[in-house]
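# Examining the three-dimensional arrangement
Spelled out, the chains give:
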Amino acid sequence: MANVVLEFTASAGDSEPQSRPVLIIGQQTSLQQVNWSQIKGKLQPVVSKEVWQAALSALNPNPTDSCPLYLNHAAVAALPSRVSRHNSPSSAHFVSRLVRTCLPGGTNRCIVMVCERSDVFASACAIARAFPLFSRRSTSSRRTEKKQVTIEFVIIGQDSGPLDPTELEPVFTEDGVRLAARIVDTPCNEMSTDHFLDEIRAVGTELGITPVIIRGEELKQKGFGGIYGVGKAAVHPPALAVLSHTPDGATQSIAWVGKGIVYDTGGLSIKGKTTMPGMKRDCGGAAAILGAFKATVKQGFKDNLHAVFCLAENAVGPTATRPDDIHTLYSGKTVEINNTDAEGRLVLSDGVVYASKDLSADIILDMATLTGAQGISTGKYHAAVMTNSEQWEAACVRAGRSSGDLAHPLVYCPELHFSEFTSAVADMKNSVADRENAQSSCAGLFIGSHLGFDWPGVWVHVDIASPVHAGERATGFGVALLMALFGQASDDPILNQVSPLGVASAVPGEQMERDCKRRRLV
């Protein structure tokens, strides 16, 4: 899949299946609404209208189904007929699965996605997830020929007019999704903190932004005891890196803070042989933020947007942090280390405080593969969300449904849970006393405590430990969620539409109120 080029278009043109194999996807009821004239150019002469209609009648999705139309050159696949309230109306996860399993082979292929206009964004991101970029298979390295997959959207429903080419610009979010997945899939011998900084610089160069980088001993000197303490034993030193987009006319500052642990051995509280494999994925939060930042800024963003990357390798060595060590974090608070494998909250605490103190952010969102308990709390498909704002909690859930990157709330109750971190000799410990008491919530509260539970801004914590991967492959999870959640500050109409705030009013007399709502986001 590494040599696959995706092209999203309002019209893929006509071509018979032997020349360009085709897969047509949609809900069965949606497929039945498609006019034969809209798809016959991609199926004739080998597939007739009668064969097409017979195939639609034969589909029996439970939850999905597929039917070949002509040998291995053409197929139709049906999504679930309906979804529950905690799933995405786009059935994004099933879109990815059907593309992986049903798309015919070849060097030039076509996917026809039949959906409502509101599902275009989520469907496009789901298709992108089916084509990972990273591979070190010896056969793939010898393949230089690029494979083309063209994706056309056929819009059904009340707003069923054809897509304007400009409406497909946010669909190029696929670049951000695939970038995030590639970084997460790449092992630490190729994605050290040095390499991750190169990725950040490359995005900065493309956007015309010079990153701010604080690294190694400078972190210690400036008081970043969390990031420095976690990464000081590694060969490649830890770093705090920042990309900042500061357009004219911005009315607020938003900071996305990503956990970028390029490998997590657990430190001296070392992981076992069955739990350590896969820890290359512990940079999933930072990878998602990099992919989302790149796509968001490219499509135009009205407010100040800062991407803060907390990079370190949690390694074992003579200088590694020991249990019982006490570190002073950037907040000035002291932390007694009782578990070196609870390192993500340490680096993120430095990151969110930097966003508040140095970047004057009004809204701070941190994203991380923070706890294994997240998968127990909200499962493999839903990120766990915790925030000091009830409005933003609801907005995250709605953004998850509209983007396909699903999210579900965690308990937010610091007065009951933060006592888990009580220390006799420091302001707090870094790991809970009782691992059966809302672990994922407590981990998030540790981060929020360094901002202060009375901090007046909006703080959102997103734990993506399980949805960051499906099996042994990264998903690029988080990119679509971030873009949808903050879509009202985008210049792009489709992102405005999938934003949890809905489409802004087009009534001229309401322009001032509309702009205020858009700029304040919630």
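The rules we used
Within any chain, residue numbers begin from 1 and follow the written order of that chain's sequence. This being a predicted model, a pLDDT of at least 70 is required before a residue's local features are given, and a value of 80 or more before pairs of side-chain atoms are given or counted; all residues contribute to the totals for chains, interfaces and linings. Only hydrogens and water are removed before side-chain values are computed, so all heavy atoms of the structure are retained for them. Between any two strands, pairing holds if DSSP finds at least two bridges. Helix and strand definitions here come from DSSP, where helices need a minimum of 4 consecutive H or I residues and strands a minimum of 2 consecutive E residues; each element is numbered from the N-terminal end. When a residue's accessible area, from a 1.4 Å probe over protein chains only, is under 20% of the maximum for its type it is buried; when over 50% it is exposed; and in between it is partly exposed. Side-chain atoms within 4.5 Å link the members of a nonpolar core, which is a set of buried Ala, Val, Leu, Ile, Met, Phe, Trp, Tyr and Cys residues. The split of the chain into domains comes from an automatic or database domain assignment. Every residue pair with non-hydrogen atoms within 4.5 Å of one another is taken to be in contact. UniProt positions are given in the numbering used here, feature names are shortened, and annotations may be inferred rather than shown by experiment. Lines fitted to the C-alpha atoms define the axes, with helices restricted to the stretch that makes contact. Angles between their N-to-C directions range from 0 to 180 degrees. Each helix crossing is assigned a hand: it is left-handed if the near helix lies turned anticlockwise from the far helix by less than a right angle, otherwise right-handed if that turn is clockwise. Following the grouping adopted for this structure description, the nonpolar residues are Ala, Val, Leu, Ile, Met, Phe, Trp, Tyr, Cys and Pro, the charged ones are Asp, Glu, Lys and Arg, and the polar ones are all others, Gly among them.

## Structural notes on the sheet that holds strand E11 (residues 326-328)
Judged by pairing direction, the sheet is mixed, and its 3 strands sit side by side in the order E11-E12-E16 without closing on themselves. The open sheet has two edge strands with one neighbour each: E11 and strand E16 (428-429). As paired elements, E11 and strand E12 (residues 334-336) share 3 bridges and run antiparallel to each other. Among the inter-strand pairings, Thr328 is bridged to a residue of E12, identified as Thr334.

## Looking at helix H5 (residues 120-129)
For H5, a buried count of 10 out of 10 residues is recorded, marking the element as mostly surrounded by other parts of the structure. Inspection of H5 places Val120, Phe121, Ala122, Ser123, Ala124, Cys125, Ala126, Ile127, Ala128 and Arg129 among the buried residues, and these make up the whole buried set.

## What to know about the nonpolar core
With 100 residues, the main nonpolar core has Phe131, Phe153, Phe196, Trp256, Phe309 and Phe486 as its most contacted residues. Ranked by the residues each element gives to this core, the list is headed by helix H11 (residues 284-298), at 9 residues. Looking at which domains feed residues into this core, each of domain 1 (4-173) and domain 2 (178-498) supplies at least three. Leaving out residues up to four positions away in the same chain, Phe196 has contacts with Ile183, Met191, Val262, Cys283, Ala286, Ala287, Leu290, Phe309 and Leu311. Within the second largest apolar cluster, 45 residues are counted, among which are Ile227, Val353, Phe418 and Ala443.

## A closer look at the environment of Val120
Mapping Val120 onto the fold places it in helix H5. A C-alpha to C-alpha distance of 9.7 Å links Val120 and Leu163, two positions 43 residues apart in sequence.

## Examining the UniProt feature "domain: Cytosol aminopeptidase" (unreviewed entry) in the chain
Feature annotation in UniProt places "domain: Cytosol aminopeptidase" (unreviewed entry) on residues 339-346, given in this structure's numbering. When the span residues 339-346 is considered, its composition is 38% helix and 0% strand, and the gap between its end C-alpha atoms is 11 Å.

## Quick word on the side chain of Ser403
When you line up the elements, Ser403 lands in helix H14 (residues 390-403). According to the relative accessible area criterion, Ser403 is buried, its value standing at 0%. Beyond its immediate sequence surroundings of up to four residues, Ser403 is in contact with Phe121, Ala122, Arg129, Ala480, Leu481 and Ala484.

## Observations concerning the sheet that holds strand E4 (residues 74-79)
Ordered in space as E1-E6-E5-E2-E4-E3, the 6 strands form an open sheet in which the pairing is mixed. Edge positions in the open sheet fall to strand E1 (4-9) and strand E3 (65-70), since each of these has one partner strand only. Recorded for the sheet is a direction-independent mean angle of 20° between the axes of neighbouring strands. Together, strand E2 (22-27), E3 and E4 form the strand contacts of helix H3 (residues 49-58), whose direction differs from that of E3 by roughly 160°. Helix-sheet contacts for H5 involve E1, strand E5 (108-116) and strand E6 (147-156), and the interaxial angle to E5 is about 150°.

## Looking at the packing of H5 against helix H7 (residues 174-185)
The interhelical angle for the contact between H5 and H7, taken along N-to-C directions, is 35°, at an axis separation of 9 Å. Every pair of crossing elements has a handedness; the one defined by H5 and H7 is right-handed. Contacts from Cys125, Ala128 and Arg129 in H5 reach Glu174, Val177 and Arg178 in H7. When grouped by side-chain class, the residues that make up the contact of H5 with H7 number 3 nonpolar, no polar and 3 charged.

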